Amino acid sequence: MINRAFVRVLMTSAALAAGALLTGCNSDQVALATNAKANQPVPPKLVATMTEKDMDPQSPILVRVFKQEAELEVWKQDRSGKFGLLKSYPICRWSGDLGPKVREGDRQAPEGFYSINPSQMNPQSAYYLSFNTGYPNAFDKALGRTGSQLMVHGDCSSRGCFAMTDEQIAEIYALGRESFFGGQRAFQFQAYPFRMTPVNMAKHRNNPNMPFWRMIKEGYDAFEVTRQEPKVDFCEKKYVFNAQKPPGATRDPVFDAAAKCPAYVVPDEITTAVREKQQADEAEYAKLVAKGTPVAKLNTGIDGGMNPIFASRVPGASTGLSDAGEAPGLSLANFQAAPGTIPGHVNPPRAPEANEMAAMPASAAPAPVTSPAATAPSTRVAAVAAPEKPSFMSSLARKVGIGGGASAETTATTKPAESKTAETKPAPKPVAAKPAETKQAAARPPFKPAAGDAPATTASAPAQTQASLVSGAAPVLQSNSFDSRFAGFK
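Source: prediction; values computed, not measured.

Novice: Describe the nonpolar core, naming the residues involved and giving the relevant values.
Specialist: Counting residues in each nonpolar core, the largest one holds 62 residues, and the members touching the most others are Leu-72, Phe-162, Phe-189 and Tyr-239. Residues in contact with Leu-72, not counting those within four places in the same chain, are Val-63, Arg-64, Val-65, Lys-87, Ser-88, Tyr-89, Ile-91, Val-152, Met-164 and Ile-172.

Listed below in structure tokens is the structure:
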């Protein structure tokens, strides 16, 4: 009996042959589809977790990131149709400040809602593996915001990206890839400055970005109360969530980020649930402000943050703008070792000097909620890398009509300008303070296994049958659907 792994290899080979015809026998492009890094299976431990949570390995996913907590969450749809938290990952490094990205070169990691389709998956990343966040979206463009090649990638090095370890990004990449094989056309990427709790909103109530944060909190709240991916639209230079055509309308409303909003309605059950949550949050927020909850300090001498799990293992490292987080699974006590390899060249956030820290007033009125405009952060100069040729997934996705309108930065394979000479060097340290991980600065092996909760210390080839250990109720799709177009990769 032919096992599933062998069948998958045969079908992949057939798909590659078809791809070669479509691309004019471009051997470089075809070789990408057999990239060992990009085709690592989902680890058995994570597959077992899916089984426990009644999730199919190829069901849709949704990703959320929180800068202050330095955490990335992967949510997955269970067989009831709702999303459940599959796994939380500590972020090794992010750069910039709390707040949205405004201009090219400001070192800011983006904030907002973005869509990741197959053309944005980058198996040729200079930082092991990556996917493009899709910044700028229509809202960002309507405000004149600029920037490109903002990624989630490995290597623990960032100049506007969310950097994981190589082992972590291999696992996250595999989850995204499997969701595409299961029929998901694009997964949603939600980026926040922090968890949108009353405590955090009170601590940052004087931040000039608060109007923008309150606006995207609407989508955060919708997901929290429904556990469904919020539908995102833009008009009048603002976000609109879960809009539908009004009763009696014959077609769906057409949205333009820079134009007047069309007539639309939001389902009553969503409106009611979100309103109740917001009322409870506002009541708690008012209590916290009334009792004098201190306002967060403005740390002008810090560039980004690092999860405490990693900072505790890098000599002289500071967590920067990150803190201990709120997810129960990410406490230091639960990690005997870092979840992945920390490269020897990592440049952690540095603690600011006393004269670089300025405290904001301890009490102030809440920021208004009517304007979505955000104050631009201070600009730091950085070079912009030139894009390379599109990846195999990008080319094939465009040929079948997926992501064809993506801008150049969403499909580029790049060496991001995070060179060791371009980043701020940490304070000089004695040579003896460099731990054994400096050997990781040497040429890294071309293939690493996806990591579970424990770090990967050896590069052993995973079994190719792991991705199909659990069978599930994959969505039923038409013969001309996304699933059939990419069926050769299963």
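Novice: Describe the sheet that holds strand β1 (residues 61-66), naming the residues involved and giving the relevant values.
Specialist: Two orientations exist for strands paired in a sheet by backbone hydrogen bonds: parallel and antiparallel. Spatially, β3-β2-β1-β10-β5 is the arrangement adopted by the five strands of the open sheet, whose pairing is mixed. Strands with a single pairing partner mark the edges of an open sheet, and in this sheet they are β3 (83-90) and β5 (112-116). Averaged over all neighbouring strand pairs, the angle between strand axes comes to 20°, with direction disregarded. Sheet topology places β1 next to strand β2 (residues 71-77); six bridges connect them, and they run antiparallel.

Novice: Just give me the short version of the packing of helix α7 (residues 210-226) against helix α8 (residues 268-290), but keep the residues and values in it.
Specialist: Viewed as axis vectors pointing N to C, α7 and α8 meet at an angle of 115°, and their least axial separation amounts to 9 Å. Judged by the sense of rotation from one axis to the other, the crossing of α7 with α8 is right-handed. Between α7 and α8, the contacting residues are Arg-214, Lys-217, Glu-218, Tyr-220, Asp-221, Ala-222, Glu-224, Val-225 and Thr-226 on the first element and Ile-270, Ala-273, Val-274, Lys-277, Gln-278, Asp-281, Glu-282 and Tyr-285 on the second.

Novice: Residue-level account of the side chain of Asn-35, with values.
Specialist: Along the chain, Asn-35 falls in the loop between α2 (27-32) and α3 (44-52). Within the local environment of Asn-35, its side chain forms a polar contact with the backbone nitrogen of Lys-37, the two atoms lying 2.8 Å apart.

Novice: So what about the packing of aromatic side chains? Which residues, and what values?
Specialist: With the rule as written, the count across this model stands at 18 aromatic pairs. Between the aromatic rings of Phe-234 and Tyr-239, the centroid separation amounts to 4.9 Å while the plane-to-plane angle is 70°, which identifies the pairing as edge-to-face. The same class applies to Phe-234 as to Tyr-239, namely buried. The interplanar angle of 10° and the centroid separation of 5.7 Å between the aromatic rings of Tyr-239 and Phe-241 together place this pair among those described as stacked.

Novice: So, the environment of Phe-189: which residues are in play, and what are the values?
Specialist: By the secondary structure assignment, Phe-189 is in strand β10 (residues 187-192). Judged by its relative accessible area of 0%, Phe-189 falls in the buried class. A C-alpha to C-alpha distance of 5.9 Å links Phe-189 and Arg-64, two positions 125 residues apart in sequence. Excluding residues that lie within four positions of it along the chain, Phe-189 makes contacts with Val-63, Val-65, Gly-112, Phe-113, Tyr-114, Ile-116, Phe-131, Thr-133, Val-152 and Phe-162.

Novice: An account of the sheet that holds strand β7 (residues 130-132) is requested, with residue identities and associated values reported.
Specialist: Strand order in this open sheet of five strands is β4-β9-β8-β7-β6, and the pairing throughout is mixed. Both edges of this open sheet fall to β4 (93-94) and β6 (121-122), since each of them pairs with a single strand only.

Novice: An account of the pairing of β10 is needed here, citing residue identities and associated values.
Specialist: Counting buried positions along β10 gives six out of six residues, so the element sits mostly inside the fold. Side chains of β10 alternate between two faces, with Phe-187, Phe-189 and Ala-191 and Gln-188, Gln-190 and Tyr-192 buried alike. For β1 and β10, the ladder comprises five bridges, and the chain directions are parallel. When the sheet's bridge partners are listed, Val-63 is paired in β10 with Phe-189.

Novice: So what about the confidence of the model for the protein chain? Which residues, and what values?
Specialist: Per-residue pLDDT for the protein chain averages 75, and the proportion of residues at 70 or more is 62%. Below pLDDT 50 for its whole length, residues 9-31 participates in 25 contacts with residues either more than four positions away or in separate chains. Within the model, pLDDT remains below 50 along residues 404-490, and this stretch shows 190 contacts once partners closer than five positions in the same chain are excluded.

Conventions and cut-offs
- Residues numbered from 1 in each chain as written.
- Predicted model: local features only at pLDDT ≥ 70, side-chain atom pairs only at ≥ 80, totals over all residues.
- Heavy atoms only, no water.
- Core = buried A, V, L, I, M, F, W, Y, C linked by side-chain atoms within 4.5 Å.
- Buried < 20%, exposed > 50% of the residue type's maximum accessible area, 1.4 Å probe, protein only.
- Contact = heavy atoms within 4.5 Å.
- Pairing = 2+ DSSP bridges.
- Helix = DSSP H or I, 4+ residues; strand = E, 2+ residues; numbered from the N terminus.
- Axes fitted to C-alpha atoms, helices over the stretch in contact; angles between N-to-C directions.
- Left-handed = near helix turned anticlockwise from the far one by under 90°.
- Polar contact = N/O pair within 3.5 Å; in protein donor to acceptor, adjacent residues only side chain to side chain.
- Phe/Tyr/Trp six-rings, centres within 6.5 Å; stacked < 30°, edge-to-face > 60°.
- pLDDT = per-residue confidence, 0-100.

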